[in-house]
Amino acid sequence: MTPYRIPFNRPGLAGNELRYIRESVESGRISGDGVFTEKCRRLLEELLEAPHVLLTTSCTTALELAALLLDLRPGDEVIMPSFTFVSTANAVVLRGARPVFVDIRPDTLNLDERLLESLVTPRTRAIMPVHYAGIGCEMDAILAVARRHGLQVVEDNAQGLFGEYQGRALGTFGSLAALSFHETKNISCGEGGALVINDARHADRAEIIREKGTNRSRMFRGLVDKYTWVDLGSSALPSDILAAFLYGQLERRAEIQARRRRIWERYAGELPEWAAALGIRLPFVPAHCRQPYHLFYLVTASLDQRTRLIAHLKQRGILAVFHYLPLHISEMGQRLGGKPGDCPVTEDLSERVLRLPFYNDLSEAEQDYVVASLRAFDG
Ligand SMILES: Cc1ncc(COP(=O)(O)O)c(C=O)c1O
């Protein structure tokens, strides 16, 4: 049990999750690619208007499958923000390739597309934009650089399901994209993810790699009469029990999104005066981006102010958290050649970002308490 009166995140049930888990068990098959996996797959393809979606055990796994599909090799370089979760970089490093870290924009905290061109070398193979808070990166500019240099684009869309850039769903711009259904996400099954395949050339091989390097999926579709080892691969299928839970959530997406929108807008409506007085900045959403109301962050005036604010909230039983520690100056990042000063905006902002409690079942009374507690912090 959490010692916090208001935790940072709290999992909840949106509707039929438990009923569907029972149905999955009673269907006689709870391994991967069962009835509910298929329902989730079809629904996600429809919602994203994407040609192929494969459920995976996590966004991390989906990113690793993407790196395998790109055939990344030692010596290859992939440009990505340093301000991201470790999984974006690990996927590349696991193939022996090198992450090249690009700094972020101070407004959206997304990779700064103006810096991309200067980082492209003859070894660059791909760009991995991360849509921070589900707010779209500048995809027009990123795709233009990719086209000019013949690079692949893989979107880390862990936070951006239902987000849009210029009216088009995030996760449909790159040849591949990864989604997360980890418990902190809008739609969740505890641990889970999906690989979105927008370039049909990856479709057959993606299915094989996800099924331990075998053509078992083709056998299930009656295309071959026995399955065998045909390529590299791993086990990336979630159990149908997880897919059943996920489908229960996806089905209630309108209600979940409406609740999250209310929570986000209340924070955005209640905090500006308090924040301005203390030099604290609230999130920025460009007019051409539709956000999925995934998280609400503050940018404090200093690291010291953030540390004091976290302690102040903790004293009142509220857990607020920060992320990400810049990858380029992490232990591993420094072993890969990163050094302080490489990404100055990332280094500055990562010391000042603070995420407020935000989950589907956060009640109005709980949020009132968070807001009142923030207002009681005067410096
Ligand atoms: C940007 C980003 N990429 C990848 C991941 C990894 O997601 P998962 O926990 O589903 O593997 C996260 C986790 O929150 C994330 O924020």
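Please refer to the structure placed before this passage.
Residues numbered from 1 in each chain as written. Predicted model: local features only at pLDDT ≥ 70, side-chain atom pairs only at ≥ 80, totals over all residues. Heavy atoms only, no water.

A.B. asks: Even after reading the chapter, I still don't get the site of the ligand, so can you show me in this structure?
C.D. replies: Residues in close proximity to the ligand total 15 residues, the closest being Thr-60, Asp-156, Ser-180, Lys-185 and Tyr-324. Interatomic distance of 2.7 Å between a side-chain N/O atom of Asp-156 and a nitrogen atom of the ligand. A distance of 2.7 Å separates an oxygen atom of the ligand from a polar atom in the side chain of Lys-185. When isolated, the ligand has an accessible area of 390 Å², and the protein chains bury 91% of it. For the shell around the ligand, the residue count by class is 5 nonpolar, 8 polar and 2 charged. (Near = heavy atom within 4 Å. Polar contact = N/O pair within 3.5 Å; in protein donor to acceptor, adjacent residues only side chain to side chain. Areas by Shrake-Rupley, 256 points an atom, 1.4 Å probe, with all protein chains shown as cover. Nonpolar A, V, L, I, M, F, W, Y, C, P; charged D, E, K, R; others polar.)

A.B. asks: How should I be thinking about the pairing of strand E3 (residues 98-102) in this particular structure?
C.D. replies: Note on strand geometry: in a regular strand, side chains alternate between the two faces of the sheet. Among the 5 residues in E3, 4 count as buried, and that is most of the element. In the sheet, strand E2 (residues 77-81) pairs with E3 via 5 bridges, with the strands oriented parallel. Looking at E3, one finds that Val-78 is bridged to Pro-99. (Buried < 20%, exposed > 50% of the residue type's maximum accessible area, 1.4 Å probe, protein only. Helix = DSSP H or I, 4+ residues; strand = E, 2+ residues; numbered from the N terminus. Pairing = 2+ DSSP bridges.)

A.B. asks: Sorry if this is basic, but what is going on with the sheet that holds strand E1 (residues 52-56) here?
C.D. replies: The pairing of strands in a sheet comes from backbone hydrogen bonds and takes either a parallel or an antiparallel form. The strand order across the open sheet formed by 7 strands is E1-E9-E8-E5-E4-E2-E3, and the pairing between neighbours is mixed. Both outer strands of the open sheet, E1 and E3, are each paired with one neighbouring strand and no more. Direction aside, neighbouring strands of the sheet carry axes that sit 25 degrees apart on average. In this structure, strand E8 (residues 176-180) lies alongside strand E9 (residues 193-197), joined through 5 bridges in antiparallel fashion. Bridging across to E9, Ala-178 finds its partner in Leu-195. Packed on one face of the sheet, helix H4 (residues 86-93) meets E2, E3 and strand E5 (152-156) and runs near 145 degrees to E3. Docked against the sheet, helix H6 (residues 139-149) engages strand E4 (124-127) and E5, running at close to 150 degrees with respect to E5. (Axes fitted to C-alpha atoms, helices over the stretch in contact; angles between N-to-C directions. Contact = heavy atoms within 4.5 Å.)

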